[in-house]
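Okay, here's what each chain looks like letter by letter:
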Amino acid sequence: MAPFEALYSRRCRSPIGWFEVGEAELIGPNLMHQAIEKVKIIKERLKTAQSRQESYSDVRRRDLEFKEDDWRIGQVSYQLELPPELSLVHPVFHVSMFRKVVGDPSTITPVETIQINEELPYEEVPVAILDRQVRKLRNKEIASVKVLWRNQQVEEATCEAENEMKKKYPHLFE
């Protein structure tokens, strides 16, 4: 219910019809006592709801402790030392983002650095047109197509401008 309705035991009325025919309530100490009692009831019910939500969250909450090398920023946040490739990523993370890793260190194999040959470009090739859509603006219409690319799943298809795709890949529209 709305706060007004909880406090005054009636729905809020618009300024056009504040009072119903024959209704005349007096403002006095009784109205104040009733309002105070309603506020007490609302506070009690809010405390009940808060404790219920707290019990739900306590089930999933766990204390995480990390090694001494880790840099703890606050009660629930850590600053990690990230590799240079991730220099654009903010290094402070909330502990809820961390997961405990249980594994055998002997099974970890080192990853060699991958050498990329810049002279061997890779170009995606469209396989099929999955869908066509026309968006209407005030003065013009824009046609777009959903394209499935080679080595991608249907869920990873992209939306491209139809006229550009017709220029580059006319065989898809035959």
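Remember, predicted model here, so these are calculated numbers, not experimental data.

This brings us to the packing of aromatic side chains. Across all of its chains, the model carries one aromatic pair by this definition. Summarising the aromatic geometry, the rings of Trp149 and Tyr169 are spaced 6.4 Å apart at their centres and angled 80° between planes, so their arrangement reads as edge-to-face. One end of the pair, Trp149, is in strand E5 (residues 141-149); the other, Tyr169, is in the segment after helix H3 (162-168), and 20 residues separate them in sequence. There is no split in this pair, since Trp149 and Tyr169 are both buried. Stacked on the ring of Phe173, the Lys or Arg Lys166 has its end atom at 5.6 Å from the ring centre.

Topologically, Val125 is positioned in the loop between strand E3 (92-94) and strand E4 (126-136). On the basis of relative accessibility, which here comes to 34%, the residue Val125 falls in the partly exposed class. Put simply, Val125 and Arg150 are 25 residues apart on the chain and 5.5 Å apart in space, counted from C-alpha to C-alpha. Those residues within four positions of Val125 in sequence are excluded, and the remaining contacts are Trp149 and Arg150.

Ordered in space as E4-E5-E6, the three strands form an open sheet in which the pairing is antiparallel. Each having just a single partner strand, E4 and strand E6 (158-161) make up the two edges of the open sheet. Geometrically, the sheet is characterised by an average inter-axis angle of 35° between neighbouring strands, direction not taken into account.

Looking now at the pattern of salt bridges. Inspection of every chain in the model, using the stated rule, returns four salt bridges. For Lys40, the salt bridge is made with Glu37, and the minimal N-O distance between the two is 3.9 Å. Taken together, the residues Lys40 and Glu37, both in helix H2 (residues 29-60) and three residues apart, mark about one turn of the helix. In this structure, the salt-bridge partner of Lys167 is Glu164, at a minimum N-O distance of 3.9 Å. Note that Lys167 and Glu164 are positioned in helix H3 at a spacing of three residues, about one turn of the helix. Among the residues examined, Glu164 registers a relative accessible area of 39% and is labelled partly exposed.

Rules used in this analysis
Residues numbered from 1 in each chain as written. Predicted model: local features only at pLDDT ≥ 70, side-chain atom pairs only at ≥ 80, totals over all residues. Heavy atoms only, no water. Phe/Tyr/Trp six-rings, centres within 6.5 Å; stacked < 30°, edge-to-face > 60°. Helix = DSSP H or I, 4+ residues; strand = E, 2+ residues; numbered from the N terminus. Buried < 20%, exposed > 50% of the residue type's maximum accessible area, 1.4 Å probe, protein only. Lys NZ or Arg CZ within 6 Å of the ring centre and 35° of its normal. Contact = heavy atoms within 4.5 Å. Pairing = 2+ DSSP bridges. Axes fitted to C-alpha atoms, helices over the stretch in contact; angles between N-to-C directions. Salt bridge = Lys/Arg side-chain N within 4 Å of Asp/Glu carboxyl O.

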